[in-house]
Amino acid sequence: MPVGLWMTALLTLCCPALPAQDDFDAWFERKSLRIDFTLSGNKTCRSAALEQLREEPVWAGPLKNRTDPFEYGDYYIKVYAPGRQLIYSRGFNTLFEEWRTTDEAALQTRSWSNSISVPWPRQRVRIELSARERSTNRFAPLLEWEVDPQSITIDRSPLKPLKTVDIQRKGDPAGKVDLVFLPEGYTEAEMEKFDADARRFADALFRTPPYDRRQDDFNVCAVHLPSEESGADLPGRNVYRHTALHVGFYTFGIDRYLTTRDMKSVRDAVWNVPCDAVFILVNSDLYGGGGIYNFYAIGTADHERTLRVFVHELGHSFAGLADEYFQSAVAYSDFYNLEVEPWEPNITTLVDFDGKWKDLLPADTPVPTPLKAPFADRVGVFEGGGYLAKGIYRPMDHCTMRDMAGFCPVCQRAILKMIDFMTDKRGQDVSD
């Protein structure tokens with residue numbers, strides 16, 4: 001094995017993790033360790049393998065809020081100092097985990113590439129990848145390895161720098177949410193259109209509550225990554241384009257579901273760009289989009305509902321919000337286990353409703369809440385959400401996460417909490 005880099009399946013933890021309390025600069029440098037890894041499996045099993053580690057020159061994440069308090073996502077990356085002190089953690093989701101809930105996953109075993117970044121450690125650290133167990137809703141270690149930051153096994157080669165255009169810059173990336181627009185299916189001759197589209201989308205975001213009152217907490221830029229051809233793949237119509245990020249419609253057979261499995265190309269595009277949230281802007285007038293928590297969101301540029309789709313998908317990828325609709329066709333079967341509480345902040349199975357939005361219910365609101373006066377137009381617990389008409393409940397009848405009617409108070413609170421976390425604010429009341 002190469003010196004300074006080894007991995008093993010982890011069976012038990014040595015001791016309880018401790019929260020990170022010390023200064024960022026004591027543990028980390030302000031650059032990134034990018035981790036490329038694969039997830040393999042099917043509906044009943046999964047495994048992980050490390051592909052490569054890369055040194056990248058920028059760390060834009062929070063400096064104080066290094067340990068994730070939300071427990072969102074189906075995966076967690078954790079960094080431990082010697083003595084098992086937890087010094088960094090972050091949850092995320094993957095397209096692979098969504099695929100495991102499809103009918104195809106009961107018949108096939110597949111492998112998917114993924115990529116996540118952590119701050120660059122100053123000394124040897126142990127990194128743990130954990131996965132949420134569907135039956136218990138708890139995390140179990142999936143893979144663990146040791147990293148020596150001096151190891152020659154880490155790829156330190158610079159990638160091609162791409163042109164970036166600032167849409168707004170409000171301050172130090174470490175204290176801001178750094179939102180990056182990436183183009184897909186824009187040729188070199190269409191970069192001016194991409195810049196204009198990105199500005200239009202940013203303007204729409206900051207007209208939308210609660211983002212409208214937190215605009216100064218964001219840096220926004222557009223990265224020029226031209227494609228050979230315009231548009232995106234349409235496998236259901238036998239149409240394929242030569243594009244930079246290999247985005248396609250018909251994910252899992254759903255025509256409107258727009259994603260890419262090529263996380264390496266996405267990460268390569270932002271290797272030297274401060275980046276907390278990625279939105280991939282697709283040069284198409286078709287209806288479609290997708291959003292994966294703490295990975296990316298995608299939407300098309302020119303459909304009439306484009307801007308509302310953008311805000312909806314960013315709700316998934318940035319704030320960990322669930323879909324609240326339950327009547328549209330999806331590829332999933334048994335996406336949620338109704339015996340446990342879902343991790344998303346805006347849906348509940350009532351298994352642990354105390355940890356959700358119970359504190360926002362008006363007095364005398366019944367749980368579950370009937371969809372009739374005087375309850376229908378205020379925060380309640382209404383049945384239907386998370387792709388199911390029964391057994392899952394949403395906070396309001398209408399919301400951006402259901403029908404793009406504007407974020408409800410529960411979703412707004414979740415967005416504000418994430419903005420506060422990413423901008424190193426602590427103890428701020430975001431319930432209004």
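Structure report, in brief. It should be emphasised that the depicted structure is a prediction, and the values quoted were computed from it without experimental measurement.

Below, the discussion takes up the overall build of the protein chain. Helix and strand content of the protein chain: six helices and 16 strands. At 21 Å, the protein chain has a C-alpha radius of gyration in line with the 22 Å of a compact globule built from 432 residues. The dimensions of the protein chain, computed from C-alpha atoms along their principal axes, are 65 × 55 × 50 Å. Relative to its 432 residues, the protein chain shows a buried fraction of 59%. Pairs at least 24 residues apart make up 67% of the contacts formed inside the protein chain by residues separated by at least 6 positions.

It is worth spelling out the sheet that holds strand 6 (residues 110-121) at this point. Ordered by their spatial adjacency, three strands build an open sheet running 3-2-6, and the pairing between neighbours is antiparallel. The open sheet is flanked by strand 3 (46-56) and strand 6, the only strands paired with a single partner. Averaged over neighbouring strand pairs, the angle between their axes works out to 20° when direction is ignored. Here strand 2 (residues 28-41) pairs with strand 6 via twelve bridges, running antiparallel. Following the sheet pairing, D36 is matched in strand 6 by S115.

In this section: helix 6 (residues 409-422). Its 14 residues give helix 6 an end-to-end C-alpha distance of 20 Å, which sits within 8% of 20 Å, the value for a rise of 1.5 Å per residue. Counting buried positions along helix 6 yields twelve of 14 residues, so the element is predominantly enclosed. Those residues of helix 6 that sit buried are V410, C411, Q412, R413, A414, I415, L416, M418, I419, D420, F421 and M422. Residues of helix 6 that are buried sit in contact with strand 5 (85-92), strand 10 (177-184), strand 11 (218-223) and helix 5 (306-319). Of the residues trailing helix 6, D424 is marked for its positive phi of about 65°.

Conventions used here
Position labels on residues start from 1 in each chain and follow its written sequence. Confidence filtering applies because this is a predicted model: local features only for residues at pLDDT of at least 70, side-chain atom pairs given and counted only at 80 or more, and all residues used for totals across whole chains, interfaces and linings. Derived side-chain values reflect all non-hydrogen atoms in the structure, with water molecules and hydrogen atoms excluded from consideration. Where helices and strands are cited, they refer to DSSP runs of H or I of at least four residues and of E of at least two residues respectively, numbered from the N terminus. We take the radius of gyration over the C-alpha atoms and set the globule estimate at 2.2 Å times the residue count to the 0.38 power. To sort residues, take the accessible area from a 1.4 Å probe on protein chains only and compare it with the maximum for the residue type: under 20% means buried, over 50% means exposed, and anything in between is partly exposed. We call two residues in contact whenever any of their non-hydrogen atoms come within 4.5 Å of each other. For two strands to be treated as a pair, DSSP must find no fewer than two bridges joining them. Here an axis means a line fitted to C-alpha atoms, over the contact stretch when the element is a helix, while the angle between two N-to-C directions is reported on a 0 to 180 degree scale. Here the expected span of a helix is defined as 1.5 Å times the quantity of residues minus one.

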